[in-house]
Amino acid sequence: MAAVNVNVSPRALRPAETSRVDLLLIAEMVKPDSRVLDIGCGDGTLLRILTEKRGVDGRGIELSQAGVNSCVAQGLSVIQGDADTDLAYYPDLAFDYAILSQTIQATYSPRLVLEQLLRIGKRAVVSFPNFGHWKVRAQLMFGGKMPQTDNLPDRWYDTPNIHLCTIKDFLGLCEDIGAKVERAVALNAKGYKLGVSMPLFAQNLFGEQAVFLLSR
């Protein structure tokens, strides 16, 4: 197996791979040489980073045919599938990590999907846009319209997101299903990590997106 860079940094990645800061953070959370399932893997950007920089044995599931085609063209092992219905076919603890990046808000049954992640993987990594961010609150309060931000760019009638949540909401879901939060990181609008000493209400207010590392 090729040598693996344990520390992933933007300098180690091509510019096209650094537009999603949460992907770099997810890559940091995944141990080298792990078995990984990336659910909703899109065009394969995260799988490619994990394969090239962490030496993982990566698999992917993607709903769109265009995404699957893009992944396969890069030599990635990806099949077409739906997070809401197809995770049930995977055996228990088949992977070291089950990853769901910027996808849980687009699923029909977020609780069931999260439970499946924690069944399939020894650990689950989930990232999502935080609907509790101050810009979102301000647009709702003062504009009276569904908000649009860099992480929520679509208009209400075009968005694939059907179950938007806040950081506090997601923590509540983790508690409901008995998931252990091993690490939680909130990112501001510029993609910088908020301080670990920052209280939850402040992270929920200033965090534009969040990344969670979970286990049972």
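Residues numbered from 1 in each chain as written. Predicted model: local features only at pLDDT ≥ 70, side-chain atom pairs only at ≥ 80, totals over all residues. Heavy atoms only, no water.

Across its full length, the protein carries seven helices and seven strands. Of the regular secondary structure in the protein, the N- to C-terminal order runs α-β-α-β-α-β-β-α-β-α-α-β-α-β. Principal-axis analysis of the C-alpha atoms places the extent of the protein at approximately 55 × 40 × 35 Å. Out of the 216 residues belonging to the protein, those deemed buried represent 47%. Restricting to contacts in the protein with at least 6 residues of sequence separation, those with at least 24 account for 67%. Surface exposure of the protein reaches about 11000 Å², of which carbon and sulfur atoms provide 54%. (Helix = DSSP H or I, 4+ residues; strand = E, 2+ residues; numbered from the N terminus. Buried < 20%, exposed > 50% of the residue type's maximum accessible area, 1.4 Å probe, protein only. Contact = heavy atoms within 4.5 Å. Areas by Shrake-Rupley, 256 points an atom, 1.4 Å probe, with all protein chains shown as cover.)

Turning next to the sheet that holds strand 1 (residues 35-39). For sheets, the rule is that strands pair by backbone hydrogen bonds, running either parallel or antiparallel. Pairing is mixed across the open sheet formed by seven strands, whose spatial order is 3-2-1-4-5-7-6. Looking at the sheet topology across the chains shown, the edges are occupied by strand 3 (78-80) and strand 6 (180-187). Neighbour-to-neighbour, the strand axes of the sheet open up by a mean angle of 15°, direction not taken into account. Pairing analysis gives three bridges linking strand 2 (residues 57-62) to strand 3, with the strands arranged parallel. Bridged to Gly 60 within strand 3 is Val 78. The strands touched by helix 1 (residues 21-29) within the sheet are strand 4 (95-101), strand 5 (121-129), strand 6 and strand 7 (209-215), with strand 6 carrying the most contacts at an inclination of about 150°. (Pairing = 2+ DSSP bridges. Axes fitted to C-alpha atoms, helices over the stretch in contact; angles between N-to-C directions.)

What follows is about the nonpolar core. Membership of the largest hydrophobic core comes to 31 residues, with the highest contact counts inside it found for Ile 39, Leu 114, Leu 117, Val 126, Phe 128, Phe 170 and Leu 214. Secondary structure elements with two or more residues in this core: strand 1, strand 4, helix 4 (110-120), strand 5, helix 6 (167-177) and strand 7. Residues within four places of Leu 117 in sequence aside, it is in contact with Ile 39, Leu 87, Ala 98, Leu 100, Ala 124 and Val 126. Ranked by size, the runner-up nonpolar core spans 19 residues in total, among them Leu 24, Val 36, Val 125 and Val 185. (Core = buried A, V, L, I, M, F, W, Y, C linked by side-chain atoms within 4.5 Å.)

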